[in-house]
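Observations on chain architecture
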Amino acid sequence: MSYVDGFVLAVPNANRQAFLDFASRFDPIFKEFGALRVVECWGDDVPDGKQTDFRRAVQCKDDETVVFSWIEWPDKETRDAGMKKMMEDPRMDPKTNPMPLDGARMIYGGFRPILDI
């Protein structure tokens, strides 16, 4: 089975196009380094929960939207090698490719699929 990196972040509504432009430049690099698929999803129906929710997880403000993203890799080994290359790639330098969001509030993790229907 493949391996998946998942991300949840808060993006200012005013930066929606800037985020899309950023992802359009940035995400192909993941594919260059072995990712099978990169998906960016702009929050559309993200309800407030009673105990926790996506918005609270990333401290989303009223003028921001939750973005849910994932990267699918063929396996964890390809992901580990690809992520290492990403961190070393000069195109990833935040001075030349700054994120249009507060990256400190991003949550992420790697996941092994256990069921795929």
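First, a word on what this report is: a plain description of the structure on this page. Bear in mind that the values here come from a model prediction, so they are computed numbers and not experimental data.

**Observations concerning the pattern of salt bridges**
As enumerated under the stated definition, the model contains ten salt bridges in all. With a closest N to O distance of 2.8 Å, Arg-79 and Asp-5 form a salt bridge. Taken as a pair, Arg-79 in helix H3 (residues 76-88) and Asp-5 in strand S1 (residues 3-12) lie far apart in primary sequence, 74 residues in all. We note that Arg-79, like Asp-5, is buried. The shortest N-O distance in the salt bridge between Asp-53 and Arg-56 comes to 3.2 Å.

**Structural notes on the packing of aromatic side chains**
Enumeration over the complete set of coordinates arrives at six aromatic pairs. Summarising the aromatic geometry, the rings of Phe-26 and Phe-30 are spaced 5.1 Å apart at their centres and angled 90 degrees between planes, so their arrangement reads as edge-to-face. Here Phe-26 and its partner Phe-30 are both found in helix H1 (residues 16-32), four residues apart, which amounts to about one turn of the helix. Each of the two residues, Phe-26 as well as Phe-30, counts as buried. Among the aromatic residues, those joined into a ring-pair cluster are Phe-22, Phe-26, Phe-30 and Trp-73.

**Thoughts on the sheet that holds strand S3 (residues 64-73)**
Overall, antiparallel pairing links the four strands, which are arranged S2-S3-S1-S4 in an open sheet. Looking at which strands have only one partner, the edges of the open sheet turn out to be strand S2 (37-42) and strand S4 (107-111). Ignoring strand direction, the axes of neighbouring strands in this sheet form an average angle of 15 degrees. Here S1 runs beside S4; their pairing, made up of five bridges, is antiparallel. When the bridges of S4 are listed, Gly-6 appears paired with Gly-109. Together, S1, S2 and S3 form the strand contacts of H1, whose direction differs from that of S2 by roughly 165 degrees. The strands that H3 touches are S1, S3 and S4; relative to S1, the one it contacts most, it runs at about 45 degrees.

Cut-off values and rules
- Residues numbered from 1 in each chain as written.
- Predicted model: local features only at pLDDT ≥ 70, side-chain atom pairs only at ≥ 80, totals over all residues.
- Heavy atoms only, no water.
- Salt bridge = Lys/Arg side-chain N within 4 Å of Asp/Glu carboxyl O.
- Helix = DSSP H or I, 4+ residues; strand = E, 2+ residues; numbered from the N terminus.
- Buried < 20%, exposed > 50% of the residue type's maximum accessible area, 1.4 Å probe, protein only.
- Phe/Tyr/Trp six-rings, centres within 6.5 Å; stacked < 30°, edge-to-face > 60°.
- Pairing = 2+ DSSP bridges.
- Axes fitted to C-alpha atoms, helices over the stretch in contact; angles between N-to-C directions.
- Contact = heavy atoms within 4.5 Å.

Read these as spatial facts, not as claims about activity.
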